[in-house]
Amino acid sequence: MRAIRGLWRWRHNPLRRRTDLAEAWVALVTLLLIVVAAPVLGSLVGAAAQNALQRSVRQQHHDRHLVTATVVRRLGGSLVEPDPDATSAHDTRSRVLADWTAPDGTRRHGTALTILKSPHKGDRFGIWTDGHGLLAARPLDSTTATAHAVLAGFGATLLAAGLTETARRVIVWRMVRRRYARWDRAWERAGPDWGKADTGS
């Protein structure tokens, strides 16, 4: 709104300089870019991220399989769940030696993490594997993918707005520098005669 008021104020003002009008136009264009273009860019980025992430979700759910593993014995130590999509930020997982059957029928044996608080031999738990039974990370779920896409769109909007405002400040700074340089040159021309008789001062 300041840009619009600035343009209106300078429209017929006899003290208006070209740079004043130029600064008002720069402010108005910046305002329009921030209010209109930045959100549009954010929506496009968010939509593109949503499409890519949902494709990834479908691919991961196609490639990864939830199988049942059986505890052979507990191994020493426990780990804090590093998965940011876990239900709790501090889920503790125990390391166990386990057996499981891969989706292709292959028998597998190895170290796995389980959310069982006190795992004992014979306890069963779910693990994610690829098609050959090798351990894999839990696939991304659709809701989390959408949240990431929204954040990407919001971030793109903020970045576009910030870059636009930065560009406006640089342009105005350069205008002010040129204005001061013109004033300096004018003072240099007037300086030798300043205050002398018959100079009109």
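Residues numbered from 1 in each chain as written. Predicted model: local features only at pLDDT ≥ 70, side-chain atom pairs only at ≥ 80, totals over all residues. Heavy atoms only, no water.

## Observations concerning the environment of Gly155
Tracing the sequence through the fold places Gly155 in helix H3 (residues 142-190). The class for Gly155 is partly exposed, based on a relative accessible area of 32%. (Helix = DSSP H or I, 4+ residues; strand = E, 2+ residues; numbered from the N terminus. Buried < 20%, exposed > 50% of the residue type's maximum accessible area, 1.4 Å probe, protein only.)

## Observations concerning the nonpolar core
Val67, Ala69, Val71, Val96, Ala98, Trp100, Ala112, Phe125 and Ile127 together form the largest nonpolar core, which totals 9 residues. When residues of this core are traced back to their parent elements, those giving at least two are strand E1 (65-80), strand E2 (92-101) and strand E4 (124-129). (Core = buried A, V, L, I, M, F, W, Y, C linked by side-chain atoms within 4.5 Å.)

## Points about the pattern of salt bridges
The final tally for this structure, using the stated rule, is 2 salt bridges. In this structure, Arg169 engages Glu165 in a salt bridge whose closest nitrogen and oxygen atoms are separated by 3.0 Å. Of this pair, Arg169 and Glu165 both sit in helix H3, 4 residues apart, which is roughly one turn of that helix. A relative accessible area of 54% places Arg169 in the exposed class. In the salt-bridge network here, residues are joined through shared partners; they are Glu165, Arg168 and Arg169. (Salt bridge = Lys/Arg side-chain N within 4 Å of Asp/Glu carboxyl O.)

## Describing H3
Helical geometry: 3.6 residues make up each α-helical turn, so side chains three or four residues apart lie on a common side. Here H3 spans 72 Å end to end across 49 residues, near enough to the 72 Å set by a 1.5 Å rise per residue. Within H3 the residues assigned to the buried category are Thr144, Ala145, Ala149, Gly153, Ala156, Ala160, Ala161, Thr164, Val172, Met175 and Arg179. Sitting at the amino-terminal end of H3 is Asp141, which places a side-chain oxygen 3.2 Å from the backbone nitrogen of Thr143. (Expected span 1.5 Å × (residues − 1). Polar contact = N/O pair within 3.5 Å; in protein donor to acceptor, adjacent residues only side chain to side chain.)

## Regarding the side chain of Thr164
In this structure, Thr164 sits in helix H3. A polar side-chain atom of Thr164 sits 2.8 Å from the main-chain carbonyl oxygen of Ala160. Excluding its chain neighbours within four sequence positions, the residues that come into contact with Thr164 are Thr30, Leu33 and Ile34. (Contact = heavy atoms within 4.5 Å.)

Purely geometric numbers; function is a separate question.
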